[in-house]
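# Commentary on secondary and tertiary structure
The residues making up each chain are set out below.
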Amino acid sequence: MQIRSRLCMSADGYITTPNGWPPQVVDPAYVPGESHGIPEFVATCEAALMGHTTFAPALTNDRWPWPTLQVFVLASQRSAGTPDHVTVDSDPARLLEQLRAANRGGDVHLIGGPRTIETFRALGALDKLELVVLPFFVGGGMRLTEALDIDTGLTLESSRALPGGSVEIVYTVDNRGGVPQARDAGWAPVSQRFSAE
């Protein structure tokens, strides 16, 4: 079992539009459940793990968004109308234990925003970060790194072009990597350091 987060991101680095929608929904190439490599990705997963903000809209959808997946939700309480087969827990470590106990060998789709992704990354549970870079700018919205620790190390596993001009980039996550010097205001590349002589 691997826990994999897959997000679409505009070419200017936003994972939502300025009004909070996932950027792929404004892509002319977007077909719900069919485009952007989603069918291939979901076929490898047996469960979906998410926060309440991502889960709540499913309760009023005309169709259940995860018909083939077990669903695990990180939430402080069980929302009215939550199907009985959905596992809800307020403690991320305990929810992770329940997910692992129920797993039959398939991967887990970690769905949600940066805070949810960071919650499970901080527990050492995020195995892969998959980004689909879309061929347009949205000019604002939410960035992945607002909550995701920049000390997270990423190792390129694969990349491929998708129909419609998007590019899928798959990284293996290493919690011991990263580039902490990116936060240091006094840091400069070696090529830009001059000695006073």
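All of the points below concern the structure found in this document. (Residues numbered from 1 in each chain as written. Predicted model: local features only at pLDDT ≥ 70, side-chain atom pairs only at ≥ 80, totals over all residues. Heavy atoms only, no water.)

## Overview of the layout of surface pockets
- Taken as a whole, the largest pocket encloses approximately 1,600 Å³ of empty space.
- If you go around the largest pocket, you meet 45 residues; those closest to its centre are Pro22, Gln24, Thr54, Trp66 and Ile111.
- Among the secondary structure elements, those contributing two or more residues to the lining of the largest pocket are strand E1 (3-10), helix H1 (38-43), helix H2 (52-55), strand E5 (107-111) and helix H4 (114-122).
- Put simply, the second largest pocket is a space of about 210 Å³.
- In terms of lining residues, the second largest pocket is bounded by Met9, Gly13, Leu129, Leu131, Arg143, Leu144, Thr145, Leu148, Asp149, Ile150, Thr152 and Leu154. (1 Å grid on protein atoms, 1.4 Å probe; cavity = no way out; pocket = protein on both sides within 12 Å on 5 of 7 lines; lining within 4 Å. Points joined across faces, edges and corners; volume = space filled by probe spheres on them. Helix = DSSP H or I, 4+ residues; strand = E, 2+ residues; numbered from the N terminus.)

## Details of the pairing of strand E8 (residues 167-174)
- Where strand E6 (residues 128-134) and E8 come together, six bridges link them in antiparallel fashion. Residue leucine 129 lies in a different strand from E8, and its bridge partner there is tyrosine 171.
- The hairpin formed by strand E7 (residues 153-161) and E8 contains five residues between the paired strands, and glycine 164 there has a positive phi angle of roughly 90 degrees. (Pairing = 2+ DSSP bridges.)

## Quick look at the sheet that holds strand E3 (residues 70-74)
- Across the sheet, which stays open at both edges, the eight strands sit in the order E4-E3-E2-E5-E1-E6-E8-E7 with mixed pairing between neighbours. Two strands in the sheet have a free side with no partner beyond their single neighbour: strand E4 (87-89) and E7. With direction set aside, neighbouring strand axes in the sheet form an average angle of 25 degrees.
- Note that E1 and E6 share seven bridges and pair parallel. The residue of E6 that forms the bridge with serine 5 is leucine 129.
- Packing against the sheet, helix H3 (residues 92-102) makes contact with E1, strand E2 (45-51), E3, E4 and E5, and its axis sits at approximately 170 degrees to E3.
- Running at roughly 135 degrees to E5, H4 makes contact with E1, E2, E3, E5 and E8 of the sheet. (Axes fitted to C-alpha atoms, helices over the stretch in contact; angles between N-to-C directions. Contact = heavy atoms within 4.5 Å.)

## Here's the deal with the side chain of threonine 82
- Checked against the element boundaries, threonine 82 lands in the loop between E3 and E4.
- Judged by relative accessible area, threonine 82 falls into the buried class, the value being 9%.
- A polar side-chain atom of threonine 82 sits 2.7 Å from the main-chain carbonyl oxygen of serine 79.
- Residues in contact with threonine 82, not counting those within four places in the same chain, are Phe55, Leu59 and Val88. (Buried < 20%, exposed > 50% of the residue type's maximum accessible area, 1.4 Å probe, protein only. Polar contact = N/O pair within 3.5 Å; in protein donor to acceptor, adjacent residues only side chain to side chain.)

Scope: geometric values only; no functional claims are made or implied.
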